[in-house]
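One letter stands for each residue in the lines below.
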Amino acid sequence: MSELQVQVFGTRKSKETRAAERFFKERKIKIHFVDLKERPIAKGELARFVQKFGLNALLDLSGKAYERSNLAYLRTTEDGVIARVIEDPDLLRLPLVRAGKHLTVGEDLDGWKAMLAGS
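Right, let's walk through the structure included here. Model, not experiment: these values are computed from the prediction.

Each neighbour pair has its own omega, and for Leu 94 with Pro 95 the value is -5°, a cis peptide bond. If you trace the backbone, Pro 95 turns up in the loop between helix H5 (78-87) and strand E3 (96-99). Of note, the phi angle at Asn 70 is positive, near 60°, even though the residue is not glycine. The class for Asn 70 is partly exposed, based on a relative accessible area of 38%.

In structure tokens:
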């Protein structure tokens, strides 16, 4: 059985991202943390999440960054929104967590537990 590794996409300031890190560390799961402030998420990686959840499910619609971005009022394509999200990770509901084919968005304890069960 291969050892489970998770990729956590988030920011150091995000308490939800820290919760995900803590969850996996407490269970001695190897984490590959990607700080989206230092390294933007790859478009292909983001596309996996968009494909599974839909773009709106990834957006932090109640966040200050979303309010500031005026995305609610802009007429833009999905690609346009994706470009903005890559530029400004604060628009996302963090963390985005991936373990193989298992994906979760935001603080999702049940989803994280399912990742461990499915490993």
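A word on helix H6 (residues 109-117). Gly 111, Trp 112 and Met 115 are the residues of H6 that are buried. Down the axis of H6, the buried set is contained in an arc of 100°. They therefore lie on one face. The exposed residues of H6 that point more than 90 degrees off its buried face are Asp 110 and Ala 117.

Time to look at the packing of aromatic side chains. Considering all chains together, one arrives at four aromatic pairs under this definition. With a centroid separation of 5.4 Å and an interplanar angle of 50°, the aromatic rings of Phe 23 and Trp 112 are classed as tilted. Taken together, the residues Phe 23 in helix H1 (residues 15-26) and Trp 112 in helix H6 connect sequence positions 89 residues apart. Ring centres 5.9 Å apart and planes at 55° place the aromatic pair Phe 24 and Trp 112 in the tilted group. With a gap of 88 residues between them, Phe 24 in helix H1 and Trp 112 in helix H6 connect regions that are remote in the sequence. With relative accessibility at 0%, the residue Phe 24 sits in the buried group. What makes Trp 112 buried here is its relative accessible area of 1%. Taken together through their ring pairs, the aromatic side chains of Phe 23, Phe 24 and Trp 112 make up a single cluster. Its guanidinium or amino end placed over the ring of Phe 23, Arg 27 lies 3.8 Å from that ring's centre, counting from NZ or CZ.

What counts, and where the lines are drawn
Residues numbered from 1 in each chain as written. Predicted model: local features only at pLDDT ≥ 70, side-chain atom pairs only at ≥ 80, totals over all residues. Heavy atoms only, no water. Helix = DSSP H or I, 4+ residues; strand = E, 2+ residues; numbered from the N terminus. Buried < 20%, exposed > 50% of the residue type's maximum accessible area, 1.4 Å probe, protein only. Arc of directions from axis to C-beta. Phe/Tyr/Trp six-rings, centres within 6.5 Å; stacked < 30°, edge-to-face > 60°. Lys NZ or Arg CZ within 6 Å of the ring centre and 35° of its normal.

None of the figures reported here should be taken as evidence of function without further support.
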